[in-house]
Amino acid sequence: MKKLISVALCVALCFVFPVSVKANDKPEISAKAYVLYCVESGDIILSKNENERMKPASTTKLMTVLLTLEQAAKNDSIVTFTDKMQAEGSSMYLSEGDKVRLSNLAVGMMMASGNDAANAAALTIGGSFERFAQLMNARAEEIGMSNTHFVTPSGLDDDNHYSTAHDMALLMAQGLENREFASLTSRKSAAVSFISPENKRITYANHNRLLRLYEGCIGGKTGYTSAAGRCLVSAARRDGLTLICVTLSDKNDWNDHIAMYDYGFGQYSCYRGAEEELCLDVPCVGGESDSVTAMSEGGNVIVCDGKNADKVEKKIYLDSFVYAPVSEGDVIGRIDCVLDGEVLRSIPLTAVQDVKARKVKKSFIKKIKEFFTYG
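Note that the structure is predicted; figures quoted are calculated from it, not measured. (Residues numbered from 1 in each chain as written. Predicted model: local features only at pLDDT ≥ 70, side-chain atom pairs only at ≥ 80, totals over all residues. Heavy atoms only, no water.)

Student: Can you explain unusual backbone geometry? Please cite residues and give values.
Tutor: Between Ser196 and the following residue, Pro197, the backbone shows a cis peptide bond with an omega angle of -5 degrees. Relative to the elements of secondary structure, Pro197 occurs in the loop between strand 7 (189-193) and strand 8 (201-205). Omega for the peptide link from Ala324 to Pro325 comes to 5 degrees, which places this bond in the cis form. For Ala57, which is not glycine, the phi dihedral falls at a positive 50 degrees. Residue placement: Ala57 occurs in the loop between strand 4 (44-48) and helix 2 (61-74). In this model, Ser113 sits at a positive phi of 55 degrees, which is unusual for a non-glycine residue. Tracing the backbone shows Ser113 in the loop between helix 3 (102-112) and helix 4 (115-126). Owing to a relative accessible area of 4%, Ser113 belongs among the buried residues under this scheme. (Helix = DSSP H or I, 4+ residues; strand = E, 2+ residues; numbered from the N terminus. Buried < 20%, exposed > 50% of the residue type's maximum accessible area, 1.4 Å probe, protein only.)

Student: Describe in detail the pattern of salt bridges, supporting the description with residues and values.
Tutor: Counting across every chain of the model gives six salt bridges. Glu52 is the salt-bridge partner of Lys32, the closest N and O atoms lying 3.8 Å from each other. Residue Lys32 is found in the loop between strand 2 (17-19) and strand 3 (33-38), and its partner Glu52 is found in the loop between strand 4 and helix 2; the two are separated by 20 residues along the sequence. On the accessibility criterion, Lys32 (43% relative accessible area) is partly exposed. Between Asp253 and Arg230 there is a salt bridge, with its nearest N and O atoms 3.1 Å apart. Taken together, the positions of Asp253 in helix 9 (residues 253-267) and Arg230 in strand 10 (residues 229-238) put the pair 23 residues apart, joining distant regions of the chain. Arg230 sits in the partly exposed class, given a relative accessible area of 32%. (Salt bridge = Lys/Arg side-chain N within 4 Å of Asp/Glu carboxyl O.)

Student: Quick one: what's the story with the sheet that holds strand 9 (residues 217-225), residue by residue and with numbers?
Tutor: A sheet is described by the order of its strands in space; here five strands give the open sequence 4-3-11-10-9, paired in antiparallel fashion. Single-partner strands in this sheet number two, and they are strand 4 and strand 9. Strand-to-strand twist of the sheet, defined as the mean angle between neighbouring strand axes without regard to direction, takes the value 5 degrees. Direction of pairing for strand 9 relative to strand 10: antiparallel, over a ladder of eight bridges. Looking across to strand 10, one finds that Lys221 is bridged to Val233. (Pairing = 2+ DSSP bridges. Axes fitted to C-alpha atoms, helices over the stretch in contact; angles between N-to-C directions.)

Student: Give a description of the nonpolar core that names residues and reports values.
Tutor: Formed by 61 residues in total, the largest nonpolar core has its most connected members in Met63, Leu105, Tyr204, Ile244 and Val246. Ignoring any residue separated from it by four or fewer positions in sequence, one finds Ile244 in contact with Val35, Leu36, Tyr37, Val39, Ala169, Met172, Ala173, Leu176, Val233, Ser234, Ala235 and Tyr261. Within the second largest apolar cluster, 24 residues are counted, among which are Cys38, Cys217, Cys245 and Met260. (Core = buried A, V, L, I, M, F, W, Y, C linked by side-chain atoms within 4.5 Å. Contact = heavy atoms within 4.5 Å.)

Student: Could you give an account of the environment of Val65, naming the residues involved and the relevant values?
Tutor: Within the secondary structure, Val65 sits in helix 2. Owing to a relative accessible area of 1%, Val65 belongs among the buried residues under this scheme. Each C-alpha atom of the pair Val65 and Ala106 lies 5.1 Å from the other, and the pair is 41 residues apart in sequence. For Val65, the residues in contact, after removing those within four places along its chain, are Ala106, Met109, Met110, Phe181 and Leu184.

Student: Pulling in residues and values, what's your account of helix 9?
Tutor: Spanning 15 residues, helix 9 covers 21 Å between terminal C-alpha atoms, matching the ideal 21 Å at 1.5 Å per step. Counting buried positions along helix 9 gives eleven out of 15 residues, so the element sits mostly inside the fold. Residues of helix 9 that are buried: Asp253, Trp254, Asp256, His257, Met260, Tyr261, Tyr263, Gly264, Phe265, Gly266 and Gln267. (Expected span 1.5 Å × (residues − 1).)

Student: Which residues make up the packing of helix 2 against helix 4, and what values do they have?
Tutor: Running from N to C, helix 2 and helix 4 point in directions that differ by 45 degrees, and their axes come no closer than 10 Å. The orientation of helix 2 with respect to helix 4, classified from their angle, is oblique. Judged by the sense of rotation from one axis to the other, the crossing of helix 2 with helix 4 is left-handed. Taking contact as the criterion, the partners of Lys61, Thr64, Leu67, Thr68 and Gln71 in helix 2 are, on helix 4, Asn115, Ala118, Ala121 and Ile125. Partitioning the contact of helix 2 with helix 4 into residue classes produces four nonpolar, four polar and one charged. (Parallel < 35°, antiparallel > 145°, perpendicular 65-115°, else oblique. Left-handed = near helix turned anticlockwise from the far one by under 90°. Nonpolar A, V, L, I, M, F, W, Y, C, P; charged D, E, K, R; others polar.)

Laid out in structure tokens, this is it:
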């Protein structure tokens with residue numbers, strides 16, 4: 001039987017902090033397709049043609065960078081640049097015979113949008129462009145990018161190379177979960193020291209101007225071809241709320257991203273739990289210990305309409321007691337974040353330790369009976 005602990009107690013334990021920004025009118029966006037996506041809730045705040053398949057240009061490199069960094073975390077091998085890796089368009093200025101670490105290619109892609117770096121990474125990791133494209137598409141499927149098909153590692157035009165505004169938002173959200181990716185994309189510039197030639201060192205400026213133009217921008221990737229038009233994927237974070245903006249074929253992308261972020265941060269609010277986890281002791285029946293500790297994860301984020309930010313309630317539901325044995329990680333309660341009767345998020349309370357069942361000593365007569373009992 002569940003026991004409801006008072007909302008007043010719950011709020012006292014969780015220390016809920018409301019954060020809100022003044023709302024504004026919906027902006028007019030010039031992009032052919034766009035989306036403003038909330039990472040914490042999965043909500044689409046603004047959109048137009050968000051599932052229309054379009055050319056993503058060099059925003060494709062978000063996938064290539066992610067795969068490169070994941071591989072480099074396993075083996076940051078030395079890459080020797082070859083003639084087959086040459087590419088037209090934007091470059092990190094690799095010459096035949098140059099040697100760099102695999103992770104340096106991610107720098108060249110994210111900062112300078114190097115097509116040469118993308119080709120070098122693809123051939124190093126996949127062995128061929130075709131094999132690397134298979135890896136890209138397999139990863140896209142894992143992420144849930146259901147309207148995406150990659151052909152080139154750089155994003156240079158191909159009739160069978162396409163994605164959508166919504167899919168690219170999902171890709172950016174996945175990238176931000178990778179620590180190295182998140183760190184790299186947030187940098188205004190980065191330097192690469194070549195292994196060969198030893199004295200070659202280049203500092204690359206990030207093409208993403210929003211890092212300088214918009215407070216709270218934490219990264220993104222530009223893209224352009226004459227067929228795709230201007231493409232831009234970016235992310236911004238304020239007070240624990242992370243928004244991702246994607247525009248495809250947009251002549252006014254910088255201003256459009258700023259307008260959408262202003263709208264999103266004005267419309268949505270973020271509630272955060274205490275920095276430390278919530279701990280509660282629950283009586284345990286028949287165990288070697290009389291109680292087990294239930295704990296929630298710290299820093300939980302709840303997103304809601306800014307107009308209703310002060311109405312969110314947190315309620316703790318916890319078992320009055322539990323029976324042993326109990327294993328670490330067992331769910332023995334929950335915290336519901338409720339707005340107008342609707343549960344916005346349910347946060348599990350889990351056991352933090354094992355509690356074994358207490359052994360009961362058997363009498364001599366009971367042992368004799370069990371010995372002669374068969375079947």
